[in-house]
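For reference, the chains in residue letters:
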Amino acid sequence: MNRRTQTINERYEAMMFAKSAEEARKAARELVRVVLGDEAVKQPLGEALRECCRELRPSDDPREQARFENEFIELGIWPASNHQRVAA
């Protein structure tokens, strides 16, 4: 496994198993940076996570893709947090 893949897996797991909303957002921001690059952290976190999902887990079925993206966003942005936060 190359270093980038390992880092992506580590950040995804940190986001998945976060014990607080702040931990989840921190891991999500780091994941966005690794997958999409430094410029992506200027986007709202929700949109950046959607793009990450499209890169990491693409689907040919639009309904399935939307479900994947929504689940991905839920991991990085807990319900109590603002969905329009900037990733940085």
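In the block above lies the structure referred to throughout.
Scoring rules and cut-offs
- Along each chain, residue indices are assigned from 1 in the same order as the chain's sequence is written.
- Per-residue local features of the predicted model are confined to residues with pLDDT of at least 70, and side-chain atom pairs are confined, for both listing and counting, to 80 or more; whole-chain, interface and lining totals are unaffected and use all residues.
- As a rule here, side-chain values cover all heavy atoms of the structure and leave hydrogens and water aside.
- Note on conventions: DSSP H or I runs of at least 4 residues are helices, E runs of at least 2 residues are strands, and numbering of each starts at the N terminus.
- Only protein chains enter the accessibility calculation, which uses a 1.4 Å probe; a residue is then buried when its area is under 20% of its type maximum, exposed when over 50%, and partly exposed in between.
- Should any heavy atoms of two residues lie within 4.5 Å, those residues are counted as being in contact.
- Between the N-to-C directions of two axes lies an angle of 0 to 180 degrees, each axis being a line fitted to C-alpha atoms and, for a helix, fitted only over the stretch in contact.
- Angle categories are assigned with fixed cut-offs, so that under 35 degrees is roughly parallel, over 145 is roughly antiparallel, 65 to 115 is roughly perpendicular, and the rest are oblique.
- Here the term charged refers only to Asp, Glu, Lys and Arg, the term nonpolar to Ala, Val, Leu, Ile, Met, Phe, Trp, Tyr, Cys and Pro, and the term polar to all other amino acids, Gly among them.
- Put simply, a salt bridge is a Lys or Arg side-chain nitrogen that is within 4 Å of an Asp or Glu carboxyl oxygen.

A.B. asks: Lay out the side chain of glutamate 69 in plain terms, naming residues and giving numbers.
C.D. replies: Turning to its location among the elements, glutamate 69 is positioned in helix 4 (residues 62–76). Given the relative accessible area of 7%, glutamate 69 is considered buried. What glutamate 69 contacts, discounting residues up to four positions off in sequence, is Arg50, Cys53 and Arg54.

A.B. asks: Kindly report on the packing of helix 1 (residues 3–16) against helix 4, identifying the contributing residues and their values.
C.D. replies: For the pair helix 1 and helix 4, the least separation of the axes is 8 Å and the interaxial angle reads 75°. The orientation of helix 1 relative to helix 4 falls into the category roughly perpendicular. Touching Tyr12, Met15 and Met16 of helix 1 are Phe72, Leu75 and Gly76, all from helix 4. Residues that form the contact of helix 1 with helix 4 fall into these classes: five nonpolar, one polar and no charged.

A.B. asks: Account for the pattern of salt bridges, naming residues and giving values.
C.D. replies: A pair can form between side chains of opposite charge whenever their charged atoms are brought close. With the rule as written, the count across this model stands at 10 salt bridges. A salt bridge links lysine 42 to glutamate 39, with the shortest nitrogen-to-oxygen separation between them at 3.3 Å. With a relative accessible area of 57%, glutamate 39 lands in the exposed category. A salt bridge links glutamate 71 to arginine 67, with the nearest nitrogen and oxygen atoms 3.1 Å apart. Here glutamate 71 pairs with arginine 67, and both are found in helix 4, just four residues apart, close to one helical turn. Residue glutamate 71 is classed as partly exposed on the basis of its relative accessible area of 34%. Beyond isolated ion pairs, a larger network of salt bridges with shared partners links Glu47, Arg50, Arg54 and Glu69.

Honestly, that's just the spatial picture; any functional story needs more than this.
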